[in-house]
Amino acid sequence: MRRRRILPGFNLSLGYSLTYLGLIVLLPLAALAWKASGLGLEGLIGLLRVPRTLAALKLSFGGATLAAAINVVVGLLVAWVLVRYRFPGRRLFDAIVDLPFALPTAVAGIALTALYAPNGWIGQWLAALGIKVAYTPWGVLVAMVFVGFPFVVRTLQPVLETLEHDVEEAAETLGARRWQIFLKVILPMLVPTLLTGFALALARAVGEYGSVIFIAGNIPMKSEIAPLLIVQSLEQFDYAGAAALGAAMLAFSFVLLLAITLLQRWSHRWSESTP
Amino acid sequence: MTLELTRINRRFSDYPALNDVSLSIAPGEFLALLGPSGSGKTTLLRILAGLDYPESGRVEFNGKDFLAAAPRERNVGLVFQHYALFRHLTVAENVAFGLRVRSRRMRPKRAEIDARVEQLLKRVQLDGFGKRYPSQLSGGQRQRVALARALAVEPDLLLLDEPFGALDAQVRVALRRWLRRLHEELGLTTVFVTHDQEEALELADRIAVMNRGRIEQVGTPREIYQRPATPFVCEFIGKANRLALRREDERFVAGGWTFAADPWMGEHAQAIAYVRPEHLTLSTEPVPGAWRARLRHVYLAGSVAHLELDVAALDHALEADIAGEDLARMGLHAGDGLYVSPSHAVIFPLDRDGRPIAGDRWLWRAGMATTPTRLPLRRSEVELDAHRVDGGIQR
């Protein structure tokens, strides 16, 4: 007997999905690759060897990775508090988590700059300690943490909510201490979800433009991110150069996300689907 | 290794989950906590495991204060209804968990742990499954892993919370027998929570029947079934026909049938009697004093036939069980007229408002002496029963 599917017309729905994916995602990417190919492989390598480009790519990917890592730790804490504790204002707190999603990135960038500038609310105290955030790579990191934060919390929350309490109690009666319950029981079950959150936060931070350029100060070789270089190329009508840089970022992101997916699948090996 | 619970009280926001519960569990005993949902049986088990604490009362194990110890210090093995296995760990890692989390000083050597895991998996008939994940096992297998995991720490007390509740009927019966054998081999003091009376009657050495946070009766399965202490126990364990009795002179009557004598010497005007379906005697010939009944329906369930009888003199139908062969011999069919009389009954006196009076009952038997003697319940029963059943009457 043929298996009944929920959506009618498998061929139709598959065709529709693939066409849609092609038009919305693959076509622009193909155009990007095509445009970049105008430069030739040598031109591309030459472009990527420019120290300024290299520095920008390093900042973009390094900053995004560090920001995603920070978000995983802080996001886990926040999600834990939101799910496990009942306190007045919890719902309000919960709603605030989404704000970085909703705020126009330029607004976020300006607000962060105002806060962290040497004469800002936070910046003046940090300046007194000799720490400069705005107009340095640290500013880039702050903006990247800000925009990526909701991803980790929102991916973790539903998983934390469905975590069985039984399992923790079982561990407790078996003699596990609290830190052992966390490290040996809860954390391993959250790792796949934490990786998903990490990947989302990372992708968002790599591509972030609006909020970063305000706080970064955009000093070449120091606090300049790769997307800014692309915009600058475009302003100089160097379309091929912009496309090449874009394609390089895309390829690097793809490899990174693929690696995370593989890691995630390995960490999820105990789930139902494995034979 | 006696486990002694004394006057335990536990309140949840607005209702008492446990109300003055006392219970004593002997070393090596297999005790079932039996009751409907919400009767407090799981709460009692969780208190023993250290996952919940009472507002008042004491729990002593071997004379030591159990409530002062953290769950991890109590050395109990707990098995949950929904297994609660660590799904990110293999079967072998699950079983080894309790040993691996020990401090370095207490932890056995790795080879020793492996050997013990293997031995336990063999014991629960899962050797060769060590490398699998829980998601690759059936429900019955998962529950056996949970049991092996609980046994790995060599507990002094094994607690089982509806361990077969999530399994289907066949697996449940097979696992039940297996668990009974395992208990006989290990001799571990075991407390077992269930709402399934059949399970409790078959498995347990003793049963504590719970209702609304109280223990109604503690006794062997036989005692619980044959000499129920309260109306609740009569209704909850097995099936029973409930009859309203009125006192007439020196006897109690129900629809023309006379329960000879009045053990309460005219103290109570009303009583209720519970008669098990197998304690109704049927006859096609007239019997003096018996109820006239009409057979409404026969449910033949294998070797036993359940008969539904309309009795004009009583306000409701009676259910009688007879052996399938007897049914064939008597040649009974729906619509036939019959004479029905009880052979045994448990009778509880009622106060003026129609409520049963706690602690008094009369085990009636057809043909017993006209003046029954009042006897106290067995001493152990009185001691163990938190809900005192003081002066029962029996022959």
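As annotated in an unreviewed UniProt entry, chain B is Sulfate transport system ATP-binding protein from Frateuria terrea.

If you check an unreviewed UniProt entry, chain A appears there as Sulfate transport system permease protein CysT from Frateuria terrea. Regarding chain A, the UniProt comment filed under Sequence similarities (unreviewed entry) reads as follows: "Belongs to the binding-protein-dependent transport system permease family. CysTW subfamily." Database annotation for chain A, UniProt heading Subcellular location (unreviewed entry): "Cell membrane".

(A) Highlighting the interface of chain B and chain A. If you look at the interface, chain B gives 24 residues, while chain A gives 24 residues. Taken together, the two surfaces of chain B and chain A that pack against each other cover about 2,400 Å², and 57% of this comes from carbon and sulfur. Among the residues chain B hides against chain A, the three largest losses belong to Arg72, Arg87 and His88 of chain B. Together they make up 30% of the total. Our count for the contact surface shared by chain B and chain A stands at 1 salt bridge. For Arg46 of chain B, the salt bridge is made with Glu169 of chain A, and the minimal N-O distance between the two is 2.7 Å. Across the contact surface, chain B and chain A share 6 residue pairs in polar contact (both at pLDDT 80 or more). Those elements that place two or more of their residues in the side of chain B that touches chain A are α1 (41-49), β6 (76-79), α2 (91-100) and α4 (139-152) of chain B. The biggest single contributor to the side of chain B that touches chain A is α4 of chain B, with 3 residues. Residues that form the side of chain B that touches chain A fall into these classes: 14 nonpolar, 5 polar and 5 charged.

(B) Representation of the confidence of the model for chain B. Residue and element names in this part refer to chain B. Averaged over all residues, the pLDDT of chain B is 85; the fraction at 70 or higher stands at 93%. This model gives residues 370-395 a pLDDT under 50, and the stretch forms 72 contacts once residues within four places in sequence are excluded. Across the predicted assembly, pTM comes out at 0.79 and ipTM at 0.78.

(C) Examining the UniProt feature "domain: ABC transporter" (unreviewed entry) in chain B more closely. Mapped onto this numbering, the UniProt entry gives "domain: ABC transporter" (unreviewed entry) at residues 3-237 of chain B. As a span, residues 3-237 of chain B carries 36% helix and 26% strand, and end to end its C-alpha atoms are 26 Å apart.

(D) Seen up close, the UniProt feature "domain: ABC transmembrane type-1" (unreviewed entry) in chain A. Per the UniProt entry, the sites bearing "domain: ABC transmembrane type-1" (unreviewed entry) are residues 57-264 of chain A in this numbering. In residues 57-264 of chain A, the share of helix is 79% and the share of strand is 0%. The end C-alpha atoms are 25 Å apart.

(E) Region of interest: the side chain of Asp196 of chain B. Residues and elements named next belong to chain B. Along the chain, Asp196 falls in the loop between β8 (189-194) and α6 (197-203). Take Asp196: its relative accessible area is 19%, and that puts it in the buried class. Every residue in contact with Asp196, bar those within four places of it in the chain, is listed here: Leu34 and Arg176.

(F) Layout of the packing of aromatic side chains. Using the criterion set out here, one finds 16 aromatic pairs over all chains in the structure. Here Phe87 of chain A and Phe93 of chain A contribute two aromatic rings whose centre-to-centre distance is 6.2 Å and whose plane-to-plane angle is 65°, an arrangement assigned as edge-to-face. Phe93 of chain A sits in the partly exposed class, given a relative accessible area of 35%. Measuring from ring centre to ring centre gives 6.4 Å for Trp257 of chain B and Trp364 of chain B, while their planes differ by 90°; the resulting arrangement is edge-to-face.

How each quantity is defined
- Residues numbered from 1 in each chain as written.
- Chains lettered and ligands numbered in written order.
- Predicted model: local features only at pLDDT ≥ 70, side-chain atom pairs only at ≥ 80, totals over all residues.
- Heavy atoms only, no water.
- UniProt positions renumbered as here; feature names shortened; annotations may be inferred.
- Contact = heavy atoms within 4.5 Å.
- Buried area = accessible area lost by both parts, 1.4 Å probe.
- Salt bridge = Lys/Arg side-chain N within 4 Å of Asp/Glu carboxyl O.
- Polar contact = N/O pair within 3.5 Å; in protein donor to acceptor, adjacent residues only side chain to side chain.
- Helix = DSSP H or I, 4+ residues; strand = E, 2+ residues; numbered from the N terminus.
- Nonpolar A, V, L, I, M, F, W, Y, C, P; charged D, E, K, R; others polar.
- pLDDT = per-residue confidence, 0-100.
- Buried < 20%, exposed > 50% of the residue type's maximum accessible area, 1.4 Å probe, protein only.
- Phe/Tyr/Trp six-rings, centres within 6.5 Å; stacked < 30°, edge-to-face > 60°.

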